[in-house]
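# Fold and contact review
Here are the chains, one letter per residue:
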Amino acid sequence: MDMIDHYQPEYVARFVQKVCTCPACQQAPEGWPHVSVALKNQQRESLSMNCEAAASAILLDPEAFVLSATREKAQGEQLLTPWKEMLNQQCINLAVHPAMSLEVCLYAIGVLISKAQQYRDNGESDPAMLASMAEQLMLLAEQGVLERQFGELPAIPQNRLSALKMMGSLRLNLNLPMAEKMGVMLKLSELSIMPPARLEERLAGLDFTKRQITLFSEQPHILRNLLIYKLYHDVFPGVECANYGEAYLALATTFFRLRTLCAIAAGERGELSNEQVVTFISALSAWEQQHPLTTDDAHTADYSLLCGLSLL
Ligand SMILES: [Zn+2]
């Protein structure tokens, strides 16, 4: 019997199962929100973000991602290739790097992913190439070069506008008081019918509000934990994923949507509570799981990647 690494983050170890009344738990099977990502050569213990109590455990604890490992029997059949394992690990290394802001982390992951796709398309499969690329990126981050490059990315307002318009079709099961829920849902649904000039104005207003929200600078671990969770739990860019650009676009879209939701709820004063953010992330996660982002087959991985970068 093969013994493999079995990982458990602190958010799983510290999670106390109690009766949870969140929308997802009302139709949940036994044992949920505990989830195992069982692969042939490693296993990752986790919780589903769709449960609000689990989302709090994942997002609000700065220590949530301290990882412990044991050797246990393999339960899964699917193999995580050394290439994918390294790519995922290096994405996580970039995500936890202290020299980078969240946006610069996402940018660095985009650069790594793009290079990885090039290597892969050229038939290269030596994981050491990914490690050395990530090392170079970290060096550039420490020298402030990545931040400068990120600041010089050309803006593609059209992508942000269409991502905003698409948010009009989000149907979120928000666990909020009825009046608050209705307010957010109305502001979302009007996005799909706004004339282009109004939509542009709204985007500018929301972008302004996003910068006023102090919660994310006061508690930077919330969004950082969301990023690490997406990388760890989804084994980003995905065990079976062949189009890395598409996976990256989905990741960037989640952050764009979340920040927009927060700006909608925060209003002009930019005030937002921990609980609201947890509710949004949890509801958005449940919706996105049911409605994965689909991209045009004609779009190359590079095109999707550029779209993703323009949403940061
Ligand atoms: Zn729950």
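Computed from a prediction, not measured in an experiment: that's the story for all the values here. (Residues numbered from 1 in each chain as written. Predicted model: local features only at pLDDT ≥ 70, side-chain atom pairs only at ≥ 80, totals over all residues.)

A few words on the domain arrangement of the protein. Here the protein is described as being made up of domain 1 (3-73), domain 2 (82-150) and domain 3 (156-310). Averaged C-alpha coordinates put domain 2 and domain 3 at centres separated by 23 Å. If you look at the interface, domain 2 gives 15 residues, while domain 3 gives 20 residues. Elements with a minimum of two residues in the side of domain 2 that touches domain 3: α3 (82-95) and α4 (102-121). Here the side of domain 2 that touches domain 3 gets nine residues from one element, more than from any other, and that element is α4. Class assignment for the residues of the side of domain 2 that touches domain 3 results in ten nonpolar, four polar and one charged. (Domains from an automatic or database assignment. Contact = placed C-beta atoms within 7 Å. Helix = DSSP H or I, 4+ residues; strand = E, 2+ residues; numbered from the N terminus. Nonpolar A, V, L, I, M, F, W, Y, C, P; charged D, E, K, R; others polar.)

Right, let's get into the nonpolar core. Formed by 79 residues in total, the largest nonpolar core has its most connected members in I58, L94, C105, A108, I109, L112 and I281. Element by element, the count of residues in this core is highest for helix α12 (residues 244-266), at 14 residues. Residue contacts for I58: discarding those within four places in its chain leaves Y11, L47, M49, A64, N225 and Y229. (Core = buried A, V, L, I, M, F, W, Y, C linked by C-beta atoms within 7 Å. Buried ≥ 20, exposed ≤ 12 C-beta atoms within 10 Å, placed from the backbone.)

Attention shifts here to the sheet that holds strand β1 (residues 3-9). The strand order across the open sheet formed by four strands is β2-β3-β1-β4, and the pairing between neighbours is mixed. Each edge of the open sheet carries a strand with a single partner, namely β2 (34-38) and β4 (67-73). Neighbour-to-neighbour, the strand axes of the sheet open up by a mean angle of 25°, direction not taken into account. In this sheet, strand β3 (residues 42-47) lies alongside β2 in antiparallel orientation, the contact comprising five bridges. (Pairing = 2+ DSSP bridges. Axes fitted to C-alpha atoms, helices over the stretch in contact; angles between N-to-C directions.)

Cis geometry is adopted by the peptide bond preceding P33, which originates at W32 and carries an omega value of 5°. Turning to its location among the elements, P33 is positioned in the loop between α1 (10-13) and β2. Note that the residue after F236, namely P237, is joined by a cis bond; omega there is 5°. Along the chain, the position of P237 falls in the loop between α11 (221-233) and α12. Phi at V235 takes a positive value of approximately 45°, unusual for a residue other than glycine. Relative to the helices and strands, V235 resides in the loop between α11 and α12. C-beta crowding within 10 Å serves as the criterion here: with 21 such atoms nearby, V235 is assigned to the buried category.

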